[in-house]
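A look at the structure
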Amino acid sequence: MTINRKDENDISIFSFEDEEQLLEPDYLRESIHSAIAEGQLKILIDFENIQYISSSALGCLVTAYRELQQHEGVLKLVNVQPNITKLMGITRLDRVIEMFNDMRTATASFG
């Protein structure tokens, strides 16, 4: 199973064609880990096609956030759907992981 990755300048953007790709979040975890190993420390995850994430996928985001912090990197989310936004609020992850409504604003936020 592949997760789409596009590198724009110094930002790695990960996206999914459907929710099936997040049922097994190890692929996302490995993809982010590979990007960090390559020196990509600005990670943006596009949730445009995702309406639901599992607790495992949520844990993957936490792991990615922590790994990036250890390398002085940043994890941000874009196009987060209402159900996921609500979950991020309940878990208070919205306080540590920035979320954006559109790609232009999200990429510009990296500075």
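Refer to the preceding data block for the structure.
So, here's what we can say about the structure.

What counts and how
- Residues numbered from 1 in each chain as written.
- Predicted model: local features only at pLDDT ≥ 70, side-chain atom pairs only at ≥ 80, totals over all residues.
- Heavy atoms only, no water.
- Salt bridge = Lys/Arg side-chain N within 4 Å of Asp/Glu carboxyl O.
- Helix = DSSP H or I, 4+ residues; strand = E, 2+ residues; numbered from the N terminus.
- Phe/Tyr/Trp six-rings, centres within 6.5 Å; stacked < 30°, edge-to-face > 60°.
- Buried < 20%, exposed > 50% of the residue type's maximum accessible area, 1.4 Å probe, protein only.
- Lys NZ or Arg CZ within 6 Å of the ring centre and 35° of its normal.

Section: the pattern of salt bridges
- Going through the model one piece at a time under the given rule, you end up with 6 salt bridges.
- Of the charged contacts in the structure, one is a salt bridge between Asp10 and Lys42, with a shortest N-O distance of 2.8 Å. Here Asp10, found in the loop between strand S1 (4-8) and strand S2 (11-15), pairs with Lys42, found in strand S3 (residues 42-46); they are 32 residues apart in sequence, far enough to count as distant.
- Its salt-bridge partner being Lys76, residue Glu98 comes within 3.2 Å of it at the nearest N-O pair. On the criterion of sequence distance, the pair formed by Glu98 in strand S5 (residues 98-100) and Lys76 in strand S4 (residues 74-78) is long-range, its members being 22 residues apart.
- Salt bridges linked by common partners bring Arg5, Asp7 and Glu38 together as one network.

Here we look at the packing of aromatic side chains
- Applying the stated criterion to the full structure yields 1 aromatic pair.
- Residues Phe16 and Phe47 carry aromatic rings whose centres are separated by 6.0 Å and whose planes lie at 45° to one another, so their mutual orientation is tilted. One end of the pair, Phe16, is in the loop between S2 and helix H1 (20-23); the other, Phe47, is in the loop between S3 and helix H3 (55-70), with 31 residues separating them in the sequence. Here Phe16 matches Phe47 in class, with each residue buried.
- When the ring centre of Phe110 is taken as origin, the NZ or CZ atom of Lys76, which lies over that ring, is 4.6 Å away.

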